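Residue-level structural notes
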Amino acid sequence: MEGQRHHGTNQLTWVKGAVYLSLAAFIAKGLSALYKIPYQNITGDQGFYVYQQVYPIYGIAFVLGTYGFPLVISRMVAKEHTGRSLNEQTLNTDRLMFVFICLLFLHTFIGGIVMVMAKPLAIVMGDPNLTAAIRWIGPSFFLIPFLALGRGVYQGIGAATPSAISQVLEQAVRVTVILLIAIIAMKQGDPYLAGTSAGIGAVAGGLAGVALFLLLALKYRQYLTLSLSPLEMKRGWSRVWRTDLKDLLLSGIFVSISAMVLVIFQLTDTFTVFRQLITSGLSHSDAAIHKGIYDRGWPLVQFGAVVTTVFSYAVVPVIAKAYEQKDFSEVKSDITRSIKVCIVFGGAAATGMSVIMPSLNKMMFMDQEGTVVLQVFAWLVFFGALFMTIAALLHAVGKSGLSALVLLVGCAVKLILNWWLIGEMGILGAAVSSVIAMTGMVLLSVYILSNYRLWRPFPLSFWMKWVVSLAIMTLVVNLYLWGFSALTIEGRLNEAIKAVTASVFGGVIFLFLIKQFSILTQDEWEALPKIGRKIPYKVKGSKS
């Protein structure tokens, strides 16, 4: 009876923990996307270019330290304590210390390389003035092992709250410091000085996260009983440690693929877009401004993808459990439903964003420069969210290595297209290359799903209803925007009101069309978080 009680308590703890971590990830990703808008307003397009040149270097390490490595560590801790109550937890210090030393060595090496090679990296990017901003990214790497260990240990013992709070706190402190430094730097008229905020903010946020873990260790000390024996290579343990190292590096990277894809695309742009703009004949300042205008698309894509994937990500743990229990029919059903939901809402988000982009651009970034580029960029929300969803689903069924391979292929395609299209089309070519590369990644991922028979292709009737719904929504929203413009004068406030009201109006229209055309089944609708329960949905002739 006692064992059953412990098991039930553990189950409840893990479920609550998953909810907390999902909510924290959503808030952290939202902050990470949205703060770039006031940053651009403060520093202008040239300052935004500087920031976006250096941010992706840290972004990859941040993803690994927030999602990949903590998950591997948490699995290691949890595996040793399955069936025990929280009060019975003790940690294997030797294994944890080995993993921590590996992470510390890896990130110290990378951080040192970034600091030492800052100038060569800036030269490769085509702008030696970026040296200081790149150098400040280096120290932020030194804190990632501490954050990864803290999050992994707390998640592993079933106490997910500290990990969730640390994600939000780290992002909040990082964003605050970044914006403050940007304000101070721009008072001196120096966008390159403002760019150092990326590294300084990351260090400040990391220190806040580490401090939080140390404070919470007092509260959780009865759960964190450590054996302080020195690290030594015990007989038979070398095999365990080799397994741990392989699991840490490979699984840590594979787990992070769905969260890393947009950052890696930005990193590809860092080394190609500005250089190609210079090669095409633009001056240094004009190339920087054009790159800054192009970079306006990334926070919009990040936020749109986060909102779109939240619906389909919710089912990933369910799929993982069903796959482990060899319930392949349930796996196929849930994967198909997740992809369908992502297509439906991702298509609506991309279409709607493209339609209201003229107003959205001025509302967010003060003018309408690069609107056509951003309208093309908007479709990265759809294809990006779809790839991120499929990558997460493939991870749930133990096929995340294939997602990593697809990402490598996609990056190679984007790199080639950047070198070709930017010379022909400018920053529009960079946007087109992103969409083409991501589309190819989606098609390749769908092929993998089909090859393993992990999903059911949708009937033609679904695609017809979906396209017609998007077309009707586009027509109605365009009519609304035309009528709004005819009744009001130009101005940023009016554009903001127009963008917000049009997006809400378009969303309501699309939800109505989903119900009217029965695009989703009743089960699919009711599985949607919040919306499915609050808005009635009946399908004629449905037994579900």
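Residues numbered from 1 in each chain as written. Predicted model: local features only at pLDDT ≥ 70, side-chain atom pairs only at ≥ 80, totals over all residues. Heavy atoms only, no water.

A word on the pattern of salt bridges. Considering all chains together, one arrives at seven salt bridges under this definition. Put simply, Lys291 and Asp295 hold a salt bridge, and the shortest N to O gap is 2.8 Å. Residue Lys291 and its partner Asp295 are located together in helix α14 (residues 284–295), separated by four residues, close to a single helical turn. Here Lys291 matches Asp295 in class, with each residue buried. Here Lys498 and Glu495 are joined by a salt bridge, their closest N and O atoms 3.5 Å apart. Within this pair, Lys498 and its partner Glu495 are both found in helix α23 (residues 492–517), separated by three residues, close to a single helical turn. In this pair, the class of Lys498 matches that of Glu495, namely buried. Salt bridges here are not isolated pairs; linked through shared partners, they connect Asp45, Arg296 and Asp367. (Salt bridge = Lys/Arg side-chain N within 4 Å of Asp/Glu carboxyl O. Helix = DSSP H or I, 4+ residues; strand = E, 2+ residues; numbered from the N terminus. Buried < 20%, exposed > 50% of the residue type's maximum accessible area, 1.4 Å probe, protein only.)

Once that is clear, we can look at unusual backbone geometry. Its identity as a non-glycine residue notwithstanding, Arg453 has a phi of 55°, on the positive side. Turning to its location among the elements, Arg453 is positioned in the loop between α21 (427–451) and α22 (460–487). Here the phi dihedral of Ser518 falls at roughly 50°; this positive angle occurs in a residue that is not glycine. Counting through the fold element by element, Ser518 comes out in the loop between α23 and α24 (522–526). A relative accessible area of 24% means that Ser518 is categorised as partly exposed.

Moving on: helix α4 (residues 118–125). Among the residues of α4, Ala118, Ala122 and Met125 are the ones counted as buried. Buried residues of α4, viewed axially, fall in a sector of 60°; they line one side. Looking one or two residues beyond α4, the residue adopting positive phi is Gly126, at roughly 95°. (Arc of directions from axis to C-beta.)

All right, on to the side chain of Asp127 then. Assignment of secondary structure puts Asp127 in the loop between α4 and α5 (131–135). Here Tyr192 takes part through its side chain, which lies 2.6 Å from a polar atom of the side chain of Asp127. (Polar contact = N/O pair within 3.5 Å; in protein donor to acceptor, adjacent residues only side chain to side chain.)

This structure, assessed with the given rule, holds three cavities of 30 Å³ or more. Considered as a void within the structure, the second largest cavity measures approximately 60 Å³ in volume. What lines the second largest cavity is Tyr58, Phe62, Gly65, Thr66, Ser140, Leu143, Ile144, Leu147, Arg151, Glu170, Ala202 and Gly206. Elements represented by at least two residues in the lining of the second largest cavity include exactly α2 (36–80), α7 (144–156) and α10 (197–219). Here the lining of the second largest cavity gets four residues from one element, more than from any other, and that element is α2. (1 Å grid on protein atoms, 1.4 Å probe; cavity = no way out; pocket = protein on both sides within 12 Å on 5 of 7 lines; lining within 4 Å. Points joined across faces, edges and corners; volume = space filled by probe spheres on them.)

Moving on: the layout of surface pockets. Looking at the second largest pocket, its volume works out to about 840 Å³. As for the second largest pocket, its lining consists of 31 residues, of which Val307, Ala348, Ala349, Met353 and Ser503 are closest to the centre. Counting only elements with at least two residues in the lining of the second largest pocket, the list comes to α15 (297–313), α17 (328–365), α22 and α23. By residue number, the principal contributor to the lining of the second largest pocket is α23, which donates 10 residues. In terms of residue class, the lining of the second largest pocket is made up of 25 nonpolar, six polar and no charged. (Nonpolar A, V, L, I, M, F, W, Y, C, P; charged D, E, K, R; others polar.)

The topology assignment puts Ser433 in helix α21. Every residue in contact with Ser433, bar those within four places of it in the chain, is listed here: Lys414, Leu417, Asn418 and Leu421. (Contact = heavy atoms within 4.5 Å.)

Turning next to the nonpolar core. Burial of nonpolar side chains together is a common tendency in soluble globular proteins. In this structure, Ile335, Ile339 and Phe387 are the most contacted members of the largest nonpolar core, which totals 146 residues. Looking at this core element by element, the count peaks at 20 residues for α2. Dropping the residues within four chain positions of it, Ile335 is found in contact with Ile319, Leu393, Val397, Leu449, Leu454 and Trp455. (Core = buried A, V, L, I, M, F, W, Y, C linked by side-chain atoms within 4.5 Å.)

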